[in-house]
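Below are the chains, spelled out letter by letter.
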Amino acid sequence: MHQLRKEGLVIGRYRVRRLMRLAGIVARKRRRYKTTTHSKHRYTVSPNLIAGCFQTSEPNLVWVSDITYIKTMEGWLYLAVVMDLFSRKIVGWSLPRNMAVEMVKAALLMAIGRRKSAPGLIHHSDRGSQYACSEYRGLLAANGMISSMSRSGHCLDNAVAERFFRTLKNECLVNWRELPAESVRQDIVEYIEMFYNSQRLHSYNGYCSPNDYEKRALTLV
């Protein structure tokens with residue numbers, strides 16, 4: 001509704017509900033949660049440094065990372081993302097066919113290449129083996145980042161990343177299970193770069209897109 005109002009159309013939720021019913025349109029139901037976290041490993045686990053505080057005063061202070069799974073007609077794709085808590089912008093992503101550490105490294109390297117972060121940036125994730133392994137920790141340390149991890153069994157400790165995945169799967173209306181992996185990949189990349197970051201209004205940002213919110217913040221500095 002906020003997008004419609006931005007475009008000069010005033011409409012209420014009850015009218016939307018009535019029009020949906022007349023058109024035979026129903027909302028998509030959420031699917032059951034499937035864990036992608038392998039936390040039973042020998043690696044060191046970092047403390048939770050953000051403790052449920054998902055707000056920052058400026059960009060590149062806290063990044064959150066997570067992984068989700070996507071079913072295609074050719075098997076699974078795995079999506080790793082890096083989000084800047086300041087604007088909820090996805091600053092890095094990776095979409096491979098397996099869940100190896102290279103997946104999360106690729107997403108982090110994209111974020112590093114796109115953003116200018118100062119030493120001391122907090123990188124928050126779950127305690128999965130991809131994030132806890134020495135190879136990934138080494139990449140964090142080499143770029144002056146501090147590792148933070150969710151508590152065991154507390155998925156809400158990384159709620160903003162989980163919410164993004166839920167939004168992605170609810171708003172991409174194409175049935176990915178009926179498409180080849182490359183088509184699904186293109187659809188997700190377009191959603192992230194051309195819609196979510198650039199156009200989608202976010203309540204946390206005062207109903208601005210992540211890109212517009214960051215631009216507005218920079219003009220106020």
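Coordinates for the structure precede this section.
This text gives an overview of the structure that appears in the document. (Residues numbered from 1 in each chain as written. Predicted model: local features only at pLDDT ≥ 70, side-chain atom pairs only at ≥ 80, totals over all residues. Heavy atoms only, no water.)

Judged by pairing direction, the sheet is mixed, and its five strands sit side by side in the order E3-E2-E1-E4-E5 without closing on themselves. Looking at strand neighbours, the two that pair on one side only are strand E3 (89-94) and strand E5 (146-149), the edges of this open sheet. Geometrically, the sheet is characterised by an average inter-axis angle of 30 degrees between neighbouring strands, direction not taken into account. Running at roughly 135 degrees to E3, helix H3 (residues 101-114) makes contact with strand E1 (62-72), strand E2 (75-84), E3 and strand E4 (122-125) of the sheet. Packing against the sheet, helix H6 (residues 159-171) makes contact with E1, E2 and E3, and its axis sits at approximately 35 degrees to E1. (Pairing = 2+ DSSP bridges. Helix = DSSP H or I, 4+ residues; strand = E, 2+ residues; numbered from the N terminus. Axes fitted to C-alpha atoms, helices over the stretch in contact; angles between N-to-C directions. Contact = heavy atoms within 4.5 Å.)

Once that is clear, we can look at helix H8 (residues 210-220). Of the residues making up H8, those classed as buried are Pro210, Asn211, Tyr213, Glu214 and Ala217. Mapping the buried residues of H8 onto a view down its axis gives an arc of 165 degrees, with all of them on the same face. With respect to the buried face of H8, the exposed residues turned more than 90 degrees away are Lys215, Thr219 and Leu220. (Buried < 20%, exposed > 50% of the residue type's maximum accessible area, 1.4 Å probe, protein only. Arc of directions from axis to C-beta.)

Another aspect to go through is unusual backbone geometry. Phi is positive for arginine 88, close to 65 degrees, though the residue is something other than glycine. Classification of arginine 88 as buried rests on a relative accessible area of 6%. Backbone geometry at tyrosine 207 places phi at a positive 60 degrees, although glycine is not the residue there. Positionally, tyrosine 207 belongs in the loop between helix H7 (181-196) and H8. Its relative accessible area of 36% is what places tyrosine 207 among the partly exposed residues.

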